[in-house]
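Observations on the model geometry
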Amino acid sequence: MADGLNIAQVECWPIKIPLARSYHLSAVLGTLTHSQAAIVRLTLEDGTVGWGECDPHAEFDGYTLEKACQTVAERASAMIGLSVADWVENARGRAFHGTPAAAIDVACYDALGQARRVPVWQLLGKRVHDGVDVLWPTSSGTAEEDLEIIQERHPQGFRTYMLKMGSRPIEDDIARTHEVFRALPDGVQIMVDANQGWNRDQAKAYAKGCDGLPVVLIEQPLAAEDLEGMNTLCGETPLAISVDEALLTPQDADEIIGHDAADVFSIKISKHGGLANSLLISGAVQKAGKLVLMNSMIELGITQAASLHLGVTLPHLMPCGHAYMSTLRMADDITDFSDWVQNGYATIPDRPGLGVKVSLDKISQYQVGEAHVV
Ligand SMILES: [Mg+2]
């Protein structure tokens, strides 16, 4: 096509940014101290640029930062000359999975939005929310540690908290949840994420032990592959059960829906390989009458912006805070996304594309390896 929307160049920078505070995930996954990402810039023939971000987590998806950059570079050579209009309008991103695919897909959406002077949400659907409430996570710790974080963040406007669980005895996590609820400020919501940490008996015990409490949802209580167990659990408890690790691809979404194995679906742009797949998954979830939690994985402002553009178009968002706090947990970012979150509420500035301002100076400051240019 001769409309200037063909991709002329792809660049990829590996970067690492320290977290503001290290983050204990679980006994198995350990403690995170940095966020790492491969930042992707597409340049079109007309000079328009689009940004994408790849968020590798080797323990979850097998991608080290190096492997992620290599994969982006390999895919990039097949992208040269392709039209971003064709890519977005025909959902070409659906053919790819994994976080390197997410970087490329999001960059195509950003570039097309920039070229057409429209925000990315307009390429995804109809905007139904001005903004979205933001949640704050706590580490896998004690009730005192949870409450310390809640007391610190509540005055800043955060009204939903996600308690990480699954690495202590189940009785302790039940007692912890009750203790947190007893001291909770008015109007605050609690959800828990077990990160696959429980077996069926433990999950049942937790749900029973907490079913009198207004827990918003229990995320991934069981192993990702145990859809039968998830289905049984959904039938045993009035609490909402959510899938995260079990939900990577649109096929996974169909299977989970087919097994009636979840009430809530955790959408992460990076995990699903981009916006095209995330849009497809959220459509299937909506059709099934289920709800979405917009989630994140220690990521930077480009992925967070892409997630917010999708979030504002979804009428079936859970009525609680969603994961748009990721950049606020970093010591720094390469974008201005943190400014989009005010008083625990995330909004999109009136700009084309993703609308995120990316700093090349910050990219150089945090670069940890050679850039790839294709
Ligand atoms: Mg999770």
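As a reminder, the structure under discussion sits directly above these lines.
These figures come from a predicted structure and were not determined experimentally.

Turning our eyes to something else, we now look at the state of the cysteines. According to the stated counting rule, one finds 0 disulfides in the structure shown. Of all cysteine sulfurs in the structure, the one in C69 sits closest to C12, which takes part in no disulfide; the separation is 3.8 Å. The structure places no disulfide on C210, whose sulfur is separated from the nearest cysteine sulfur, that of C234, by 16 Å.

The strand order across the open sheet built from 3 strands is β4-β13-β12, with neighbouring strands paired in antiparallel fashion. Only two strands of the sheet have a single partner each, and these edge strands are β4 (131-133) and β12 (341-342). Bridging between β4 and strand β13 (residues 345-347) involves 3 bridges; their strand directions are antiparallel. Looking at β13, one finds that G131 is bridged to T347.

This part covers the pairing of strand β10 (residues 264-267). Burial of the side chains of β10 extends over both faces: V264 and S266 are buried on one face and F265 and I267 on the other. Sheet topology places strand β9 (residues 241-243) next to β10; 2 bridges connect them, and they run parallel. Within the sheet, the bridge partner assigned to S242 lies in β10 and is V264. The β-α-β motif built from β9, the intervening helix α10 (residues 250-258) and the parallel element β10 has right-handed crossover chirality. Bridging between β10 and strand β11 (residues 291-294) involves 4 bridges; their strand directions are parallel. The partner of S266 across the bridge, within β11, is L293.

For the structure shown, the criterion picks out 5 aromatic pairs. Lying across the ring of Y63, K67 places its NZ or CZ 4.8 Å from the centre.

Moving on: the pattern of salt bridges. Within the structure shown, the criterion is met by 16 salt bridges. Ionic pairing is found between D226 and R200, a salt bridge with its closest N-O pair at 2.7 Å. Taken together, the residues D226 in the loop between β8 (215-219) and α9 (227-236) and R200 in helix α8 (residues 200-209) connect sequence positions 26 residues apart. Taking the relative accessible area as the measure of exposure, R200 reaches 45% and is therefore partly exposed. Across the pair R351 and D336 runs a salt bridge whose closest N-O atoms are separated by 3.2 Å. Here the residue R351 occupies a position in the loop between β13 and α14 (360-366), and D336 occupies one in the loop between α13 (301-311) and β12, the gap between them amounting to 15 residues. Taken together, the shared-partner salt bridges in this structure form one network comprising R21, E152 and R153.

Here is what the cut-offs are and how they apply
Residues numbered from 1 in each chain as written. Predicted model: local features only at pLDDT ≥ 70, side-chain atom pairs only at ≥ 80, totals over all residues. Heavy atoms only, no water. Disulfide = S-S within 2.5 Å. Pairing = 2+ DSSP bridges. Helix = DSSP H or I, 4+ residues; strand = E, 2+ residues; numbered from the N terminus. Buried < 20%, exposed > 50% of the residue type's maximum accessible area, 1.4 Å probe, protein only. Right-handed = clockwise from strand over helix to strand, strands pointing away. Phe/Tyr/Trp six-rings, centres within 6.5 Å; stacked < 30°, edge-to-face > 60°. Lys NZ or Arg CZ within 6 Å of the ring centre and 35° of its normal. Salt bridge = Lys/Arg side-chain N within 4 Å of Asp/Glu carboxyl O.

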